[in-house]
Amino acid sequence: MRISRRQTIKLFATAFFSGSLFARSAITHSAGPDSKEFISPLSALLGFLIDDEVNIQQQVLKKSLQKMQLDLVYEKTLLRGLSQLDQLSVNKWNKNFTALNAEQKSSLIRSLQNHNNPFLQRFYNTVNQTALEHYYSLPESWMQLGYDGPPQPAGFADYARQHTKPA
Amino acid sequence: MPDNIQSLPEFDACVIGAGAGGCATAWALCKKGLRVLVLETGPEYKPQKDFHLEKSDWELQPFPDRTRSKHSVTYAEFQTLENQFDHLRSWNHINGYSNQSGQRQPFAYHHVQAVGGSTLHFTAEAHRMNPKSMNMFSDFGVAADWPVSYKELEPYYVQVEKIVGVSGPNKSHHCSRSQALPLPAHKISYASSKLLNKKSDSQRDMKWEENTLAIPSKPYDGRPACNYCNNCNRGCTHGDKATADRTFLKKALETGLCVVKSGCHVLELTAGKNDQVENILYIDNDKKRISIALHKRPVFINAGAIFTPRLLLISKNKYAPKGLGNESGQVGKSFMETLFYNVAGLHKDPIGSHRGIPSDVISWKYNAPDAIPGVIGGCRFSPTTAESELNGPLSYAKRVVAGFGSEHKQAMKHQFGRVLAVGGIGESLPNDKTFIDLHPDRTDKYGIPLVRINSHLDTMAIKRIQFMRQQCEKILLGSGVEKIIEQYGTYDYFNSTHVFGTCKMGADAETSVVNSQCRSHRWKNLFITDSSVFPSSGGGESPSLTIQALAIRAVELMDLEG
């Protein structure tokens, strides 16, 4: 039985976070040659963009995988972009993206920002902006900003002083 | 086939639309002892359930919208953008120009269909009209004169300010008042205090003062004082903001004389003999078509300056061949949209601009119609950090801080809370190419023609926008901002919340739709008490207070025998 890419993402997402061996073996047995190749570079890319602890990176990766299930355009952009990213990496350093060191990763991502290939620019914007969206909606990311949390129910109590002047 | 309903309550007056005008109208009718039926097409939102300010991904959650199919608008083709005005294009320092086409584009008509209407998402500014801007035709040869004077309207403003619980300064550069406001002004936030920079001549020149707001500075009328969460536009879950449903409608319901039917969408009104509107046809919550025979009872339309003219134009028959109330041909004409410009910058200090009330200070310096050199029609300025949605981590990550990875993270720590944004809202004046009509082909799910917005910026409007942008930049640079990071406005986009003029008030039945008491010149039981009736839009004032003052005045002066 040929599993579709969509099903692969779903299975992998479940397997990755629930540690289900059965699901994992289902992937290696029946999936096509390139269907799980994107997870590794995606994880490495997001990890590099987010630059935080492993469990935070995993949460961001999970959100990205969930988004890929719901948003076809996002899914397509990511899959195509990650494959091109690997290609660029191999062309320059003879290694996959995941095998690059920090400096190399940084230089490669930076080259996407103003790349003459408009797709790569779009890929960079999409993956970076979405990663940031996912990261900064995690409460763990707020303390470093001096940000307390959602506007309500606390509000900003230091402003809520009673007026002393008469009306 | 319309069914006649057995279970409708007995009523003496019907109000269509439960927004700023509708709720005030309902209250005033109940005060007169009349039984009121309010038909509102949208739902009744439950703040705790429907608004999202308590969620960790609150920034991704827009204001809810459960009636999308009932408020779709279409647009006529927009004008070409000119190279000489490229500096007015909407731009962000990370994302570049957002409108890369050569044409003005439609962005949105921000309209809330719900019990409470657009007051549910408004920034709660509570402004009177500037008396100097109410005679635009006699004084400046543009738009039309208000057939009601500021003096006549003043006592109604006082009443409305009391019911709403307006907070603000008692001395203002904007207008005079006969009575003090019911609540003191809110303390100015630290970020906004940077705008007031008293050491700078140009800042002092702006004569900043506290804004008048429909937000309580102390507990008022059963509502708590504001807790300064900086997010009026996403829906107030705290229960302090004076939305129309929490003020006027609540009091109307307490009289026992008012019934609100939400989810009830009016399809058309039927004009009949003897200059009476005979019938209202609507679809109720169970998708049943209900026909109400009015028998001379008054109907008040409050669907806003885009949907009110639509309803009238649709309601054509042999008695009203040009549309109900459209004998003058003016329904839909003189459409005035929101004209604004926002500029955002990064302040040198950590000012914590994500805290406090969104629009806590205001400059009325250029608000009078002749205040801007070379331009007719004024404007006003206020901080817009919150309204621009630059008040949370996500917006900083995507629009303020460039780059990626650990560099981005470090920059976020340094820059979060430093945005200072200021915006101008200016007078919009009518022109021949700007009007509301019905789309010739496209219809909604009920088979009724969709409304079409025709919008054109004339030279004067572009000059006003230009002035606003220039001034915004000047204000920011004079208040400690080091770098401009974003600008956007209505030069390259149609982007409106305040809309006016499409059923204008006037003394002459040939050139206006309603008289000075908001009553149709011809149709004896037809009243319009929303912003469609404004003959001119003012120098950027927010209209809700004026809408409500006009509404309660119209009801008070209503004489059904005449």
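Our structure is the block above this text.
For the structure given in this document, a descriptive report is provided here. (Residues numbered from 1 in each chain as written. Chains lettered and ligands numbered in written order. Predicted model: local features only at pLDDT ≥ 70, side-chain atom pairs only at ≥ 80, totals over all residues. Heavy atoms only, no water.)

1. A look at the overall build of chain A
Within chain A one finds seven helices and zero strands. By the burial criterion, 44% of the 167 residues in chain A qualify as buried. For chain A, restricting intrachain contacts to residue pairs at least 6 apart in sequence, the fraction spanning at least 24 positions comes to 59%. Carbon and sulfur atoms form 52% of the exposed surface of chain A, whose accessible area is close to 9,100 Å². (Helix = DSSP H or I, 4+ residues; strand = E, 2+ residues; numbered from the N terminus. Buried < 20%, exposed > 50% of the residue type's maximum accessible area, 1.4 Å probe, protein only. Contact = heavy atoms within 4.5 Å. Areas by Shrake-Rupley, 256 points an atom, 1.4 Å probe, with all protein chains shown as cover.)

2. Notes on the pattern of salt bridges
Residues and elements named next belong to chain B. As enumerated under the stated definition, the model contains 27 salt bridges over all chains in all. Across the pair Arg522 and Glu327 runs a salt bridge, and its minimum N-O distance is 3.4 Å. Of this pair, Arg522 sits in the loop between strand 20 (493–496) and strand 21 (526–528) while Glu327 sits in the loop between helix 8 (304–314) and strand 13 (339–347), and the two are 195 residues apart along the sequence. Residue Arg522 is classed as partly exposed on the basis of its relative accessible area of 30%. Glu327 sits in the partly exposed class, given a relative accessible area of 32%. Counted as one network, the salt bridges with shared partners bring together Arg128, Glu154, Glu161 and Arg177. (Salt bridge = Lys/Arg side-chain N within 4 Å of Asp/Glu carboxyl O.)

3. Regarding unusual backbone geometry
For residues other than glycine, phi is negative in most cases, and the peptide bonds are mostly trans. A cis geometry characterises the amide bond from Gln152 of chain A onward to Pro153 of chain A, with omega recorded as 5 degrees. The topology assignment puts Pro153 of chain A in the segment after helix 7 (118–136). The backbone of Asn230 of chain B shows a phi angle near 75 degrees, a positive value even though the residue is not glycine. Tracing the backbone through its elements, the reader meets Asn230 of chain B in the loop between strand 7 (209–210) and helix 7 (245–254). Judged by its relative accessible area of 4%, Asn230 of chain B falls in the buried class. Positive phi outside glycine occurs at Lys287 of chain B, with the angle close to 65 degrees. Among the secondary structure elements, Lys287 of chain B is positioned in the loop between strand 10 (277–283) and strand 11 (289–293). Taking relative accessible area as the criterion, Lys287 of chain B reaches 69% and is therefore assigned exposed.

4. What to know about helix 3 (residues 39–50) of chain A
Residues and elements named next belong to chain A. Under the 1.5 Å per step criterion, the end-to-end length of helix 3 is 16 Å for twelve residues, consistent within 8% with the ideal 16 Å. Counting buried residues in helix 3 gives ten out of twelve residues, a clear majority hidden from the surface. Following helix 3 by one or two positions, Asp51 has its phi on the positive side, about 55 degrees. (Expected span 1.5 Å × (residues − 1).)

5. Focus: the environment of Ala131 of chain A
Within the element layout of this structure, Ala131 of chain A appears in helix 7. The residues contacting Ala131 of chain A, other than those within four sequence positions of it, are Leu46, Leu49, Ile50 and Val60 of chain A.

6. What about the interface of chain B and chain A?
On the side of chain A, 37 residues touch chain B, which itself brings 42 residues to the contact. Taking both sides of the interface into account, the surface hidden between chain B and chain A amounts to around 3,600 Å²; carbon and sulfur atoms contribute 60%. Considering only the side of chain B, the residues that lose the most area to chain A are Arg355, Phe404 and Lys409 of chain B, jointly responsible for 20% of the buried surface there. Counting the contacts that link chain B with chain A gives three salt bridges. Close ionic contact of Arg110 of chain A with Glu407 of chain B constitutes a salt bridge, the shortest N to O distance being 3.7 Å. At the junction of chain B and chain A, the tally comes to ten residue pairs in polar contact (both at pLDDT 80 or more). Sorting the residues of the side of chain B that touches chain A by element identifies helix 9 (393–400) and helix 10 (405–415) of chain B as the ones contributing at least two each. It is helix 10 of chain B that provides the largest number of residues to the side of chain B that touches chain A, a total of seven residues. Across the side of chain B that touches chain A, the residue classes break down as 17 nonpolar, 15 polar and ten charged. (Buried area = accessible area lost by both parts, 1.4 Å probe. Polar contact = N/O pair within 3.5 Å; in protein donor to acceptor, adjacent residues only side chain to side chain. Nonpolar A, V, L, I, M, F, W, Y, C, P; charged D, E, K, R; others polar.)

7. Concerning the side chain of Ser328 of chain B
Residues and elements named next belong to chain B. Inspection of the secondary structure assignment puts Ser328 in the loop between helix 8 and strand 13. By relative accessible area, Ser328 is classed as buried at 15%. In terms of polar contacts, Ser328 uses its side chain to reach the backbone amide nitrogen of Gln330, at 3.2 Å. One polar contact links the side chain of Ser328 to the main-chain carbonyl oxygen of Ser512, over a distance of 3.3 Å. In contact with Ser328, other than residues within four places in its own chain, are Lys322, Ala509, Glu510, Thr511, Ser512 and Val513.

8. Some points on the packing of aromatic side chains
Summed over the entire model, instances satisfying the criterion amount to 24 aromatic pairs over all chains. Arranged with centres 5.4 Å apart and planes meeting at 40 degrees, the rings of Phe500 of chain B and Phe534 of chain B form a pair that is tilted. Here Phe500 of chain B is found in the loop between strand 20 and strand 21, whereas its partner Phe534 of chain B is found in the loop between strand 21 and helix 12 (544–557), with 34 residues between them in sequence. Clustering of aromatic rings is evident, with ring pairs tying together Trp142 and Tyr147 of chain A together with Tyr396 and Phe416 of chain B. Over the ring of Phe119 of chain A we find Arg80 of chain A; its NZ or CZ atom is 3.8 Å from the centre of that ring. (Phe/Tyr/Trp six-rings, centres within 6.5 Å; stacked < 30°, edge-to-face > 60°. Lys NZ or Arg CZ within 6 Å of the ring centre and 35° of its normal.)

9. Structural notes on the packing of helix 5 (residues 72–93) of chain A against helix 6 (residues 102–113) of chain A
Residues and elements named next belong to chain A. Relative to each other, helix 5 and helix 6 sit at 120 degrees, their axes nearing to 11 Å. Taken together, the axes of helix 5 and helix 6 are oblique relative to one another. Of the two possible hands of crossing, helix 5 and helix 6 adopt the one that is right-handed. Residues Leu85, Leu88, Ser89, Lys92 and Trp93 of helix 5 form the contact with helix 6, whose own contacting residues are Gln104, Ser107, Leu108 and Leu112. Class assignment for the residues of the contact of helix 5 with helix 6 results in five nonpolar, three polar and one charged. (Axes fitted to C-alpha atoms, helices over the stretch in contact; angles between N-to-C directions. Parallel < 35°, antiparallel > 145°, perpendicular 65-115°, else oblique. Left-handed = near helix turned anticlockwise from the far one by under 90°.)

10. Overview of the sheet that holds strand 3 (residues 73–75) of chain B
All names here are of chain B. Spatially, the three strands line up as an open sheet ordered 3-18-17, and their pairing is mixed. Only two strands of the sheet have a single neighbouring strand rather than two, namely strand 3 and strand 17 (435–443). Averaged over neighbouring strand pairs, the angle between their axes works out to 45 degrees when direction is ignored. By the bridge criterion, three bridges tie strand 3 to strand 18 (residues 449–454) in an arrangement that is parallel. Bridging across to strand 18, Val73 finds its partner in Val451. On top of the sheet, helix 8 reaches strand 3, strand 17 and strand 18; it is set at about 60 degrees to strand 17, its chief contact. (Pairing = 2+ DSSP bridges.)

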